[in-house]
Amino acid sequence: MLSNIRIVLVQTFHPGNIGAAARAMKTMGLTELVLVNPRAFPDEEATRLAAGAVDVLENARCVNSLEEAVSDCVQVVGASARLRSLPLPHFDEPDDMAQQVIQNAVQAPVALVFGRERSGLTNDEIRCCTHQVSIPANPEYGILNLSQAVQILAYEVHRAWRKRDDNHFMYQRPLEATPPSRDQFVHFQDHLGRLMQQSGFITQPHARTEEQLQALFSRAQPSRKELSLLRGLLSAFESHLPDSRKG
Ligand code: SAH
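Note that the coordinates shown come from a computational prediction; the quantities given were computed from them, not determined experimentally.

**Q** What should I look at first to understand the sheet that holds strand 2 (residues 32–36) in this one?
**A** Paired through their backbone hydrogen bonds, the strands of a sheet run either parallel or antiparallel. Read from one edge of the open sheet, seven strands run 3-2-1-6-4-7-5, paired in parallel fashion. Whereas interior strands pair on both sides, the edge strands pair on one side only; in this sheet they are strand 3 (61–63) and strand 5 (90–91). In terms of strand pairing, strand 5 meets strand 7 (residues 131–133) through two bridges, oriented parallel. Across the sheet, the residue bridging to His90 is Gln132, located in strand 7. Contacts from helix 1 (residues 15–27) reach strand 1 (5–10) and strand 2 within the one sheet, and its direction differs from that of strand 2 by about 160°. Where helix 7 (residues 146–162) meets the sheet, it contacts strand 1, strand 4 (75–79), strand 6 (110–114) and strand 7, and its direction lies at approximately 155° from that of strand 6.

Structure (structure tokens):
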């Protein structure tokens, strides 16, 4: 279960934070680290701060985009100190997040995503997430150091894992009842976006409308089966468009 839980660090500036995050992960039994365009890696400072968790660093994967880091994940939780305008499902309490994450991790990879030291996650990156989580903190100064934020969420995940009810977790949902991967979700969104334009519902790419619909479908948390029904529905509508409007 824990090996299905991936920690993703986006464009980390200080390599020391990568090392400290690796150490935070290993103390809580997490080993899967993915780095999106780190400024400096591998790096001596990272190795120094990883202490006994150098193996986590050695196994870390570097990728070029957040999308690439999470495309096979069925749940992607963006950690953010402040709420964004994007109305994604939001966990105000990390323990609620952790319970859902370990439930999903029984069957498929999930990711916890952390932003840059200075600027956090961009709106586009938040759009890659299915959920957001905030660590409740001092309202006047609630921004944690990156690796400390990793430590707290990793602790919560480990705690939820320790306290899991095995009877409940031994039950494997049929695949079609599990959440779709990000990849499948993105294909659905692209299909919907195309159809909205081809049908004349919107006359040019309209990010805001697409964003609102994306958030709606994210909140609905459709299963694989439900998403494939929706795709079937889109294809049926598409087949009735006048030929000139088909893509
Ligand atoms: N100035 C940035 C803060 C970046 S801190 C901003 O306003 O977004 C680096 C990363 O640590 C954040 O992107 C987030 O992933 C995590 N983090 C820091 N404090 C957090 C908090 N209170 N709750 C959740 N994540 C937090």
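**Q** When you look at helix 5 (residues 94–105) in this model, what are you seeing that I'm missing?
**A** Helical geometry note: an α-helix holds 3.6 residues per turn, so side chains three or four residues apart project in the same direction. An ideal rise of 1.5 Å per residue puts 16 Å on twelve residues; helix 5 measures up with 16 Å between its terminal C-alpha atoms. Among the residues of helix 5, those classed as buried are Pro94, Met97, Ala98, Val101, Ile102, Asn104 and Ala105. The buried residues of helix 5 occupy an angular sector of 160° when the element is viewed end-on, so they sit on one face.

**Q** Even after reading the chapter, I still don't get unusual backbone geometry, so can you show me in this structure?
**A** One can expect most non-glycine residues to show negative phi and most peptide bonds to be in trans. The omega angle of the peptide bond from Phe41 to Pro42 is 0°, so this bond is cis rather than trans. Its place among the elements puts Pro42 in the loop between strand 2 and helix 2 (44–50). Of note in the backbone geometry, Ala51 takes a positive phi value of approximately 50° without being a glycine. Relative accessible area serves as the criterion here: at 37%, Ala51 is assigned to the partly exposed category. With a phi angle near 45°, Gln221 is a residue other than glycine that sits in the positive phi range. Following the sequence through the fold, Gln221 ends up in the loop between helix 10 (207–220) and helix 11 (224–238).

**Q** I would appreciate a short explanation of the site of the ligand in the present structure.
**A** Surrounding the ligand, one finds 20 residues, the nearest of these being Ala79, Arg82, Arg118, Ile135 and Gly142. Contacts to the ligand include Gly115, whose backbone N or O atom sits 3.1 Å from an oxygen atom. A distance of 2.8 Å separates a nitrogen atom of the ligand from a polar atom in the backbone of Ile135. Considered on its own, the ligand offers 540 Å² of accessible surface; in the complex 94% of this is hidden by protein. Tallied by class, residues from the shell around the ligand come to nine nonpolar, six polar and five charged.

About the criteria used
- Residues numbered from 1 in each chain as written.
- Predicted model: local features only at pLDDT ≥ 70, side-chain atom pairs only at ≥ 80, totals over all residues.
- Heavy atoms only, no water.
- Pairing = 2+ DSSP bridges.
- Helix = DSSP H or I, 4+ residues; strand = E, 2+ residues; numbered from the N terminus.
- Contact = heavy atoms within 4.5 Å.
- Axes fitted to C-alpha atoms, helices over the stretch in contact; angles between N-to-C directions.
- Expected span 1.5 Å × (residues − 1).
- Buried < 20%, exposed > 50% of the residue type's maximum accessible area, 1.4 Å probe, protein only.
- Arc of directions from axis to C-beta.
- Near = heavy atom within 4 Å.
- Polar contact = N/O pair within 3.5 Å; in protein donor to acceptor, adjacent residues only side chain to side chain.
- Areas by Shrake-Rupley, 256 points an atom, 1.4 Å probe, with all protein chains shown as cover.
- Nonpolar A, V, L, I, M, F, W, Y, C, P; charged D, E, K, R; others polar.

Distances and angles like these do not, on their own, reveal function.
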